[in-house]
Amino acid sequence: MKESQKIEQYHLHKAHPNKLQFQLHDLKSYRKKNPEKAAIPHSHSYYQLLWFFNAGGTHTVDFNSYEIKENMVLFTNKDQIHFFDDNLDVEGWLIHFNESFFMHSDVDIFLKYNIFNIEQNPCYLLDSNTVKIATHHIELIEKELPNKLSFGHEDMIRFLLKSLLITMERIHYADQSRKLQINNHYERQFFKFKDLIEVHYKNGLAISDYANLLNTSAKTLTTITKSVVDKAPSALIKERIVLEAKRLLKFTNLPINEVAFRLGFEDDSYFVKYFKRAIGMSPKAYRTTIS
């Protein structure tokens, strides 16, 4: 699988920012139109929602392959590596959208970090009632897409998308003991910190630098991350660096020193020690185990 020195990344209207930053595709037609492109490991600079109608086959996201089940929805985040199997007859829906199209409120922040950042299990199984509601949302989006010159066209699609995602997210919150914390100040700051990590994790910023960018202190930032996920800020940064290292080791044939360089390490021997402390084996050994 490691056939190149780069992981292909696809973009949505990158050269045309004035276009609608949203796409809806019939999954079967999309797969037959792009049989090879979607089957090689790749990432996106946008968010993707896959709704599979029928069981059968697998879909791989980063280091896990998920068995496709009836009415399974799979969410892939920006920069996650994923690919389809060789089943070109898969039926369902495929939705693409950029963050600029989506992010406008605290509810959006909550959806972003609760739907598109579930690395352990990015799949939802829709019950029959949710299928009916979600299908209606898709139908309304389909009906609206041709109305490019109509008043509120982009907002209409955006609101329908958000309503669709909220409908799906409610599956996770049927248990009343799980409470939404959309307006919690610590969680909002935590999400902003996570965004900053995505931008700066290769740049070697200190915790105090992140705190300054958040207009807070390093001590308060530590209190925030401990409160939300019971981890220190440094641990979250390290997790992101190691995740990217594992992606490069698995999906490219880059030499270890080049992987280190791409992650901001000037000394590749330090990177080897850093990686080994994190997962218990060297980068070379890790690459061997996943080959």
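Small disclaimer: the values here were computed from a predicted structure and weren't measured.

Draft legend 1. Examining the overall build of the protein chain more closely. A count of helices and strands for the protein chain gives 12 helices and 10 strands. Scaling as 2.2 N^0.38, a compact globule of 291 residues should have a C-alpha radius of gyration of about 19 Å, and the protein chain matches this with 20 Å. For the protein chain, the spread of C-alpha atoms along the three principal axes comes to 55 × 45 × 40 Å. Put simply, the protein chain has 291 residues, and 44% of those count as buried. Within the protein chain, residue pairs in contact and separated by at least 24 positions form 71% of the contacts whose partners lie at least 6 positions apart.

Draft legend 2. Region of the structure containing the packing of helix α4 (residues 128-144) against helix α5 (residues 153-169). Running from N to C, α4 and α5 point in directions that differ by 170°, and their axes come no closer than 10 Å. Overall, the two elements α4 and α5 adopt an arrangement that is roughly antiparallel. The crossing of α4 and α5 is left-handed. Note on element contacts: α5 touches α4 through H153, M156, I157, L160, L161, S163, L164, T167 and M168, opposite T130, I133, A134, H137, I138, L140, I141 and E144. Classifying every residue of the contact of α4 with α5 by side-chain character gives 11 nonpolar, five polar and one charged.

Draft legend 3. Highlighting the confidence of the model for the protein chain. Looking at the protein chain, pLDDT values average 89 and 92% of them are 70 or higher. By mean pLDDT, the top-scoring element of the protein chain is helix α7 (residues 207-213) (97), and the lowest-scoring one is helix α3 (residues 106-115) (71).

Draft legend 4. Region of the structure containing α5. Here α5 contains 17 residues, and its C-alpha end-to-end distance of 25 Å stays within 8% of the 24 Å for a straight helix at 1.5 Å per residue. Buried within α5 are the following residues: H153, I157, R158, L160, L161, K162, L164, L165, T167, M168 and E169.

Draft legend 5. Geometry of the domain arrangement of the protein chain. Split by domain assignment, the protein chain resolves into domain 1 (9-175) and domain 2 (185-288). Each of domain 1 and domain 2 has a C-alpha centre, and the two are 27 Å apart. Each side of the interface is counted separately: domain 1 has 14 residues, and domain 2 has 12 residues. Summing both sides of the interface, domain 1 and domain 2 together bury roughly 1,100 Å²; the carbon and sulfur share of this comes to 66%. Counting across the interface, domain 1 meets domain 2 through one salt bridge. Residues R247 and D62 are paired through a salt bridge, measuring 2.9 Å at the closest nitrogen-oxygen approach. Viewed at the interface, domain 2 and domain 1 are joined by two residue pairs in polar contact (both at pLDDT 80 or more). Broken down by element, the side of domain 1 that touches domain 2 gets its largest block of residues, six residues, from α3. Grouping the constituent residues of the side of domain 1 that touches domain 2 by class yields seven nonpolar, two polar and five charged.

Draft legend 6. Focus on the pattern of salt bridges. Applying the stated criterion across every chain, the model contains 11 salt bridges. Between R240 and E198 there is a salt bridge, and its shortest N-O distance comes to 2.7 Å. A residue pair is termed long-range when its members are at least 10 positions apart, and R240 in helix α9 (residues 233-251) and E198 in helix α6 (residues 185-200) qualify at 42 residues. Linked by salt bridges that have partners in common, D62, E198, R240, E244 and R247 make up one network.

Draft legend 7. Inspection of the nonpolar core at higher detail. In terms of nonpolar packing, the biggest core is built from 33 residues, with F193, L263 and F271 touching the most fellow members. Contributions of two or more residues to this core are made by α3, α6, α7, α8 (218-229), α9, α10 (256-262) and α11 (268-279). Element by element, the count of residues in this core is highest for α9, at eight residues. Here this core spans two domains, since at least three of its residues come from each of domain 1 (9-175) and domain 2 (185-288).

Rules used in this analysis
- Residues numbered from 1 in each chain as written.
- Predicted model: local features only at pLDDT ≥ 70, side-chain atom pairs only at ≥ 80, totals over all residues.
- Heavy atoms only, no water.
- Helix = DSSP H or I, 4+ residues; strand = E, 2+ residues; numbered from the N terminus.
- Rg over C-alpha atoms; globule rule 2.2 N^0.38 Å.
- Buried < 20%, exposed > 50% of the residue type's maximum accessible area, 1.4 Å probe, protein only.
- Contact = heavy atoms within 4.5 Å.
- Axes fitted to C-alpha atoms, helices over the stretch in contact; angles between N-to-C directions.
- Parallel < 35°, antiparallel > 145°, perpendicular 65-115°, else oblique.
- Left-handed = near helix turned anticlockwise from the far one by under 90°.
- Nonpolar A, V, L, I, M, F, W, Y, C, P; charged D, E, K, R; others polar.
- pLDDT = per-residue confidence, 0-100.
- Expected span 1.5 Å × (residues − 1).
- Domains from an automatic or database assignment.
- Buried area = accessible area lost by both parts, 1.4 Å probe.
- Salt bridge = Lys/Arg side-chain N within 4 Å of Asp/Glu carboxyl O.
- Polar contact = N/O pair within 3.5 Å; in protein donor to acceptor, adjacent residues only side chain to side chain.
- Core = buried A, V, L, I, M, F, W, Y, C linked by side-chain atoms within 4.5 Å.

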